[in-house]
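Spelled out, the chains give:
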Amino acid sequence: MTGPRRTMLYLGWIFLWLVAKERIKGFHISDCFTKKLLWIYSARSEEEFILFCDLPKPQKSHFNDRNQQSPNQGPAYLPCSDSKNLSDVQWYLQPQNGDALREITKNYSHIILDKNTLRFLTMEMNSAGSYICRPRIRSPQDEACCVKLVLEVKPKANISCASSVPHKKYLLFGSTDSIYCPSLSCQSDVQNPEMTWYQNGTLLSEKRSNPMLLGEIYDYHQGMYVCDYTQSDNSSSWTVRAVVHVRTIVKDTTLKPDILEPIKDTLEVELGKPLTLHCTARFGFEKNFKPVIRWYSKDSNQQLEIPNTERRSIQSTFKDEVIERVVHFKEVTQSDLLKTFICFTQNTIGNTTHSIQLKKKKGVVFLYILLGTIMALAGVLTAGALIYMYWIEIVLLYRSYQRKDETLGDKKEFDAFISYAKWSSFDSEASSSLSEETLALNLLPEVLENKYGYTLCLLERDVAPGGVYAEDIVSIIKRSRRGIFILSPNYVNGPSVFELQAAVNLALDDKTLKLILIRFCSFQEPESLPRLVKKALRVLPTVSWRGLKSVSSNSRFWTQMRYHMPVKNSKRFMWSHLNYLKNFFTGKDSIKQKSLGGAPSLGNGEMSPEPPPFQPLVSADGDGPNTQHGSG
């Protein structure tokens, strides 16, 4: 150790010494309440002793001795009212040999420190001395809040009666009994003094006699009892104290041990694998309890006890105790299969045994194969269920990465043509705040065009007015890859159904033209509906509109719509698909709904444009699909 380090170590020890000295500085023992205790012990018995820190409390004290103070005691009133916690105290010892006062900061080999008590496990002559206790947390005004316990240790003079009253007492459940104070057993000069009894540190104020009479014995009578009485001579007065450990018991069992484990006679094991055998038994109560539990191994030649086993108590009550003996095998060998293992238990009544034979486990490979097959089948079923639930999403993800673009070379101008009922009745408009017209002219362009890059054809927007209605319809359907038809009672009962009929006829010849039906609301097919249209309603793919639930661009409605739309390979289209998948799993939406019936807004808060003013496509004379549309 170098010079600077040695110097620092010395300075540290000096600092600790000064701190310890400062803690005791100003601590005047003469101001403490003084109580003299006498421990009369027998050299041949195992006795315990206990000291209580009997600090006076403002209202009530558990260990406040009611004895009258002698003239050599300290002040009658102790200023402990400002101390917060009188149960957490510091203990100090001043030995009889005159050594300096020192704090008891840890457990000695024969002393257990437990907050406000000192418990002496065995007697030692150097245990005599002055023990001082005071609150650990105290105010400056309470420096005199302390108790000085002067302990004197004396052997019993009359050895012949040293064990007349034991320091351990057994009380039988249901009986009536009493507890004697051991310190009075050999005091012939003391006749029936007034006693002070404690049970587990609590003062028994109603118990003042020796022996202390008890009624019917219950389990709460068990514990540590302390008995005090005052012994005086011409010069001083002492409190003689003794400790009695009381245990409540039942009658000794009349049964042999009951083996709980093992239960079976054979045990299947795997060669080369570790193994643990448990011998578990329940022993009934015995006052002199000496249970025996062992493992034996028996072969054709001899029976030997298995060494290096582990014993432990599993459960203990006043009636019985469950004990286990465990033997561990690092690996099971072939020779172990030829042995018989015996669980042996014994008490004073008799012994009980149970034998077990190890047996090689069969069918392990088959079991692994079966479990693997079951797990594989479960995985396939789970994967199939997930693919079925998210098939559309999987297809859209695949389209995002593939290079195929079905729009190349088809010489078509539009990705989809939108057809809807353009003649809505007043009742239909009033009953639904989100109309077919709003879906066709606002929501479909907003999502499919602005977000996913499709090119839509709206008759009012993309077809120049003045042409023949039927010819214009056939023309734009031929120039479109998809036809989107919003079905409603107004649609199937109105002239717009012609657009569906024309698209069905064209789709029979054009394999690149595919039709998508949107069921906007429920309807009944009219009898006048063309037969070809009725058949188309049953076979064409249909996407259901669920009102406000379908408005969100992340809803299932838009997922199905994109599934049926053409596959495009544009950069904007791919990023739109990837953003959708991200929003689908995070639950975010790029479109915010306005008030009911209003146009949706974009993610940046801007409102989409209002739909163009509706222009009727049929003249007042009702000429049907052969009339012109527009104003020109």
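Residues numbered from 1 in each chain as written. Predicted model: local features only at pLDDT ≥ 70, side-chain atom pairs only at ≥ 80, totals over all residues. Heavy atoms only, no water.

### So, the overall build of the chain
For clarity, the cut-off: The helix count covers DSSP runs of H or I at least four residues long, the strand count covers runs of E at least two residues long, and both are numbered beginning at the N terminus. A 1.4 Å probe rolled over the protein chains alone gives each residue an accessible area, and that area as a share of the maximum for its type sets the label: buried under 20%, exposed over 50%, partly exposed in between. By definition, residues are in contact when any of their heavy atoms lie within 4.5 Å. Note that accessible areas follow from Shrake-Rupley with a 1.4 Å probe, and for residues the cover is restricted to the protein chains shown.
Looking only at helices and strands, one finds twelve helices and 29 strands in the chain. Taking all 632 residues of the chain together, 42% fall into the buried category. By sequence separation, contacts in the chain at least 24 residues apart represent 70% of the contacts at least 6 residues apart. Here the chain has roughly 35700 Å² of accessible surface; of this, 54% comes from carbon and sulfur atoms.

### Re the state of the cysteines
As a reminder, the rule being used: Our working definition of a disulfide is a cysteine sulfur pair at a distance within 2.5 Å.
For the structure on display, the rule yields four disulfides. Two residues, C53 and C133, share a disulfide whose sulfurs are 2.0 Å apart. Disulfide C53-C133: the torsion about the S-S bond is 95°, which places it as right-handed. Linking C53 in the loop between β2 (49-52) and β3 (89-95) with C133 in strand β7 (residues 129-135), this pair joins segments that are 80 residues apart in sequence. Judged by its relative accessible area of 0%, C133 is buried. The residue that forms a disulfide with C279 is C343, at a sulfur-sulfur distance of 1.7 Å. Residues C279 and C343 share a disulfide whose torsion about the S-S bond is about 55°; that sign makes it right-handed. Of the two residues, C279 is situated in strand β18 (residues 275-284) and C343 in strand β23 (residues 340-346); the sequence distance between them amounts to 64 residues. One exposure class covers both C279 and C343, and it is buried.

### Some points on the packing of helix α7 (residues 469-478) against helix α9 (residues 497-509)
When two helices pack together, their arrangement is given by the angle between their axes and by how far apart the axes lie. Definition in use: Axis lines are fitted to C-alpha atoms, over the contacting stretch for helices. Their N-to-C directions set the angle, which ranges from 0 to 180 degrees. Any angle that is under 35 degrees is reported as roughly parallel, and any over 145 degrees as roughly antiparallel; angles of 65 to 115 degrees are reported as roughly perpendicular and all others as oblique. For any helix crossing, the convention is left-handed if the near helix is rotated counterclockwise from the far helix by under a right angle, and right-handed if that rotation is clockwise. The classification used treats Ala, Val, Leu, Ile, Met, Phe, Trp, Tyr, Cys and Pro as nonpolar, Asp, Glu, Lys and Arg as charged, and all other residues, Gly among them, as polar.
Running from N to C, α7 and α9 cross one another at 45°; their axes reach a closest spacing of 10 Å. Classified by the angle between their axes, α7 and α9 sit oblique to one another. Regarding α7 and α9, the two cross each other, and that crossing is right-handed. Counting all contacts with α7, which are made through Y469, A470, I473, V474, I477 and K478, the residues of α9 involved are F498, E499, A502, A503 and L506. Partitioning the contact of α7 with α9 into residue classes produces nine nonpolar, no polar and two charged.

### A short note on the nonpolar core
Rule in force here: The definition of a nonpolar core used throughout is a set of buried Ala, Val, Leu, Ile, Met, Phe, Trp, Tyr and Cys residues joined through side-chain atoms within 4.5 Å.
Core analysis: the largest hydrophobic core is formed by 29 residues, its most contacted members being I477, F485, L487 and L500. Contributing elements (two or more residues each) for this core: β25 (414-419), α7, β27 (480-487), α8 (489-492), α9, β28 (514-519) and α10 (531-539). The element that contributes the greatest number of residues to this core is α9, accounting for six residues. In contact with F485, not counting residues within four places along its chain, are S419, Y491, E499, L500, A503, L515, I516, L517 and I518. L434, L443, V447 and M561 belong to the second largest nonpolar core, which has 27 residues in total.

### Re empty space enclosed by the protein
Keep this limit in mind: A cavity here means a set of points on a 1 Å grid, drawn over the protein atoms and nothing else, where a 1.4 Å probe fits but cannot get out; a pocket is an open set with protein on both sides within 12 Å along at least five of seven lines, and a residue lines either one if it has an atom within 4 Å of a point. Grid points are joined across faces, edges and corners, and a volume is the space filled by probe spheres set on the points.
The full count for this structure, using the stated rule, is three cavities of 30 Å³ or more. Taken as a whole, the largest cavity encloses approximately 50 Å³ of empty space. What lines the largest cavity is a set of twelve residues, among which I40, E47, H167, R241 and A242 lie closest to the centre. Secondary structure elements with two or more residues in the lining of the largest cavity: β1 (33-41) and β15 (237-249). Looking at the lining of the largest cavity element by element, the count peaks at three residues for β15. Tallied by class, the residues present in the lining of the largest cavity amount to six nonpolar, two polar and four charged.

### Quick notes on the packing of aromatic side chains
This is how it is decided: Note on aromatic contacts: the rings of Phe and Tyr and the six-membered ring of Trp form a pair at centre separations within 6.5 Å, being stacked when their planes are under 30 degrees apart, edge-to-face when over 60 apart, and tilted otherwise.
Under the criterion given, the structure shown has twelve aromatic pairs. Judged by centre distance (4.7 Å) and plane angle (45°), the ring pair of F173 and F318 falls under tilted. Within this pair, whereas F173 is found in the loop between β9 (168-172) and β10 (176-179), its partner F318 is found in the loop between β21 (310-316) and β22 (320-329), the two being separated by 145 residues in sequence. Since its relative accessible area comes to 37%, F318 is described here as partly exposed. Plain terms: the ring middles of F520 and W545 are 6.3 Å apart, the flat faces sit at 10° to each other, and that makes the pair stacked. Taken as a pair, F520 in the loop between β28 and α10 and W545 in the loop between β29 (542-544) and α11 (556-564) lie far apart in primary sequence, 25 residues in all. W545 sits in the buried class, given a relative accessible area of 8%.

### Points about helix α5 (residues 436-449)
In an α-helix there are 3.6 residues to a turn, and that puts residues three or four apart on one side. Formally: Note on bend: the value at a residue is the angle between axes fitted to the seven residues ending there and to the seven starting there.
The largest bend along α5 reaches roughly 35° and is located at L443, with the proline P445 sitting one to four residues downstream. With 13 of 14 residues buried, α5 lies mostly within the body of the structure.

### What to know about the pairing of strand β19 (residues 292-298)
The condition is simple: Only strands joined by at least two bridges in the DSSP assignment are considered to pair.
In this structure, β19 lies alongside β23, joined through seven bridges in antiparallel fashion. Each residue of the ladder has a partner; that of K298, found in β23, is T340. Note that β19 and strand β20 (residues 303-305) share three bridges and pair antiparallel. Note that in β20 the partner of Y296 across the bridge is E305. Here β19 hands over to β20 after four residues, the two strands then running antiparallel side by side.

### Some thoughts on a nonpolar patch on the surface
Counted only if it meets this: Patch membership requires more than 30% relative accessible area and the absence of a salt bridge. Residues of like charge join within 9 Å; the nonpolar side chains Val, Leu, Ile, Met, Phe, Trp and Tyr join within 5 Å. Any carboxyl oxygen of Asp or Glu that lies within 4 Å of a side-chain nitrogen of Lys or Arg is treated as forming a salt bridge with it.
A contiguous nonpolar surface patch, about 610 Å² in accessible area, is contributed by F366, L367, Y368, L370, L371 and I374. In this structure L371 comes out as partly exposed when scored by relative accessible area, which is 41%.

Remember that the coordinates give geometry; whether it matters functionally is a separate question.
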